[in-house]
Amino acid sequence: MAAALCAAAGCHSQKRPSAPIPARPAAVAPAAADARRPAETGQLAWEKRDSDPGALDRAVSLFEAEARRGADPAQALLGAARARRLRIARTEQYPDPEASTMAADAQECAADAHRARAGAGIEAEALYLWAVCSAIWSRMQGFTPLIERRGELTAAFLRVALLDPDLDGAGAERELGALYAALPAYAGGDLEEARRYLLAAVQRAPEDARNHVVLARAVAVKAQDRALFREHLMVAAKSGDALAAAQARALLERERELFGGPAEAAQPIPGGPQKLP
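Residues numbered from 1 in each chain as written. Predicted model: local features only at pLDDT ≥ 70, side-chain atom pairs only at ≥ 80, totals over all residues. Heavy atoms only, no water.

## Quick look at helix 5 (residues 74–91)
Heads up, the condition is: Numbered from the N terminus, helices here are DSSP runs of H or I no shorter than four residues, and strands are runs of E no shorter than two. Multiplying 1.5 Å by the residue count of a helix minus one yields the expected span of that helix. A 1.4 Å probe rolled over the protein chains alone gives each residue an accessible area, and that area as a share of the maximum for its type sets the label: buried under 20%, exposed over 50%, partly exposed in between.
End to end, helix 5 covers 26 Å across 18 residues, agreeing with the expected 26 Å (1.5 Å per residue, within 8%). Among the 18 residues that make up helix 5, 14 are buried, leaving the element largely enclosed by the rest of the structure.

Okay, here's the thing in structure tokens:
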């Protein structure tokens, strides 16, 4: 009777059905995750230059692509020039660097920096990179192009020294010193003037190991000043700049060779890549 009444009243069993298990969210496919990740820019690649071996090459390509697309390409061109200049410095450290590749980078670096000078607020760095890369390219062609351009290069570095003397670790004074040391005496080369500019760079930015390396390489070797050579290379060899520290150690290992003969033979063109074969 009770069972019949319960059935008539629509009674349910005391056992309740289990609550439904929430469905797991669908896994995001790798392609979808990549689609949500922002595309790499020249600046992002540049920031990875010390941790990612391929980042510097990507930075050059990305910056130049951004310059072609943008209505105001100055900053991207400046970024490309910076990246090319660093790539030259790194290539110099290879046991057998490709001179033609370095010359092409120097030429493109100078061209990018020259075009970037139209941008507002970047005159000093754009002029500086133009002069640095133009000097590298000229040195790689031999003495004649360097001599022919010495006036405009000197004027550019002097202008940068006035506009922004601290740029790139007293870069303008460092480059002026390297230029005066590289030029032959009949074309305006002056070892004492080179020493003066490089000591000024060391005084302005003592923490920048490149100033110590260039002073030792460009002045101490040509002057056959072994004490100056050792003093500044020992400082650079202990620095946190891996590239400059490696250069300093390599020069210290060559001390006997560099100070065993005529100074001019020891370092024909100090401070940069040598002439193309």
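Read on, since the account is not over.
## Structural notes on the packing of aromatic side chains
Two descriptors summarise a pair of aromatic rings, namely the distance from one centre to the other and the angle between the planes of the rings. The condition is simple: Stacked, tilted and edge-to-face are the three classes assigned to paired rings of Phe, Tyr and Trp, where Trp is represented by its six-membered ring and a pair needs centres within 6.5 Å; plane angles under 30 degrees give stacked, over 60 edge-to-face, the rest tilted. A ring has a charge above it when a Lys NZ or an Arg CZ is no more than 6 Å from the ring centre and no more than 35 degrees off the ring normal.
Per the counting criterion, the structure on display carries three aromatic pairs. Their ring planes at 70° and their centres at 6.4 Å tell us that Tyr128 and Phe157 sit as a pair that is edge-to-face. With a gap of 29 residues between them, Tyr128 in helix 7 (residues 123–141) and Phe157 in helix 8 (residues 143–163) connect regions that are remote in the sequence. In this structure, Tyr128 and Phe157 share a single accessibility class: buried. Ring centres of Phe229 and Phe259 lie 4.9 Å apart, and the angle between their planes is 75°; this geometry places the pair in the edge-to-face category. On the criterion of sequence distance, the pair formed by Phe229 in helix 12 (residues 226–237) and Phe259 in the loop between helix 14 (255–258) and helix 15 (263–266) is long-range, its members being 30 residues apart. The pair formed by Phe229 and Phe259 is uniform in burial state, with each residue classed as buried. Here the basic side chain of Arg49 rests over the ring of Trp46, its NZ or CZ set 4.0 Å away from the ring centre. A cation sits over an aromatic face here: Arg196 above Tyr197, 4.5 Å from the ring centre.

## Points about the packing of helix 9 (residues 167–182) against helix 10 (residues 191–204)
Counted only if it meets this: Helix axes use the C-alpha atoms of the stretch in contact, all axes being lines fitted to C-alpha atoms, and the angles between their N-to-C directions lie in the range 0 to 180 degrees. Roughly parallel means an angle under 35 degrees; roughly antiparallel means over 145; roughly perpendicular covers 65 to 115; every other angle is labelled oblique. Throughout, a crossing is termed right-handed when the near helix is turned clockwise from the far one, and left-handed when it is turned anticlockwise from it by less than a right angle. Here a residue-residue contact requires only that any non-hydrogen atoms of the pair lie within 4.5 Å. Side-chain classes follow a simple rule in which Ala, Val, Leu, Ile, Met, Phe, Trp, Tyr, Cys and Pro form the nonpolar group, Asp, Glu, Lys and Arg form the charged group, and the remainder, Gly included, forms the polar group.
Relative to each other, helix 9 and helix 10 sit at 160°, their axes nearing to 8 Å. Relative to helix 10, the element helix 9 lies roughly antiparallel. Considering only the axes of helix 9 and helix 10, their crossing is left-handed. Contacts from Ala170, Glu173, Arg174, Leu176, Gly177, Ala178, Tyr180 and Ala181 of helix 9 reach helix 10 at Leu191, Glu193, Ala194, Tyr197, Leu198, Ala200, Ala201 and Arg204. Here the contact of helix 9 with helix 10 is composed, by residue class, of eleven nonpolar, one polar and four charged.

## What to know about the confidence of the model for the protein
Defined as follows: For every residue, the pLDDT score states the predictor's confidence, bounded by 0 at the bottom and 100 at the top.
Of the residues in the protein, 81% reach a pLDDT of 70 or more, and the chain-wide mean stands at 86. Contacts of residues 21–30 to residues separated by more than four positions or lying in other chains number two contacts, the stretch itself having pLDDT below 50.

## A look at the pattern of salt bridges
If the charged atoms of two oppositely charged side chains come close together, the side chains can form a pair. Short version of the rule: Throughout this description, the term salt bridge denotes a Lys or Arg side-chain nitrogen within 4 Å of a carboxyl oxygen of Asp or Glu.
Within the structure shown, the criterion is met by 25 salt bridges. Between Asp57 and Arg87 there is a salt bridge, with its nearest N and O atoms 2.8 Å apart. Here the residue Asp57 occupies a position in helix 4 (residues 55–69), and Arg87 occupies one in helix 5, the gap between them amounting to 30 residues. Here Arg174 and Asp168 are joined by a salt bridge, their closest N and O atoms 3.0 Å apart. Judged by relative accessible area, Arg174 falls into the buried class, the value being 3%. Through salt bridges that share partners, Asp57, Glu64, Arg84, Arg87, Asp105 and Asp112 make up one connected network.

## Quick word on helix 11 (residues 209–223)
What counts here: In this scheme, the bend at a residue equals the angle between the axes fitted to the seven residues that finish there and the seven that begin there.
The first and last C-alpha atoms of helix 11 sit 20 Å apart over 15 residues, in line with the 21 Å expected at 1.5 Å per residue. At Ala216, helix 11 shows its maximal kink, close to 30°. For helix 11, the tally of buried residues reaches 13 of 15 residues, placing the bulk of the element in the interior. Remark: Gln224 follows helix 11 within two positions and exhibits a positive phi of approximately 55°.

## A short note on the packing of helix 9 against helix 11
For the pair helix 9 and helix 11, interaxial distance at closest approach is 10 Å and the crossing angle is 15°. Taken as axis vectors, helix 9 and helix 11 run roughly parallel relative to one another. By crossing handedness, the relation of helix 9 to helix 11 is classed as left-handed. Contacts between helix 9 and helix 11 pair Asp168, Gly169, Ala170, Arg174, Ala178 and Ala181 from the former with Arg210, Asn211, Val214, Ala218 and Lys222 from the latter. When the residues that make up the contact of helix 9 with helix 11 are grouped by side-chain class, the tally is five nonpolar, two polar and four charged.

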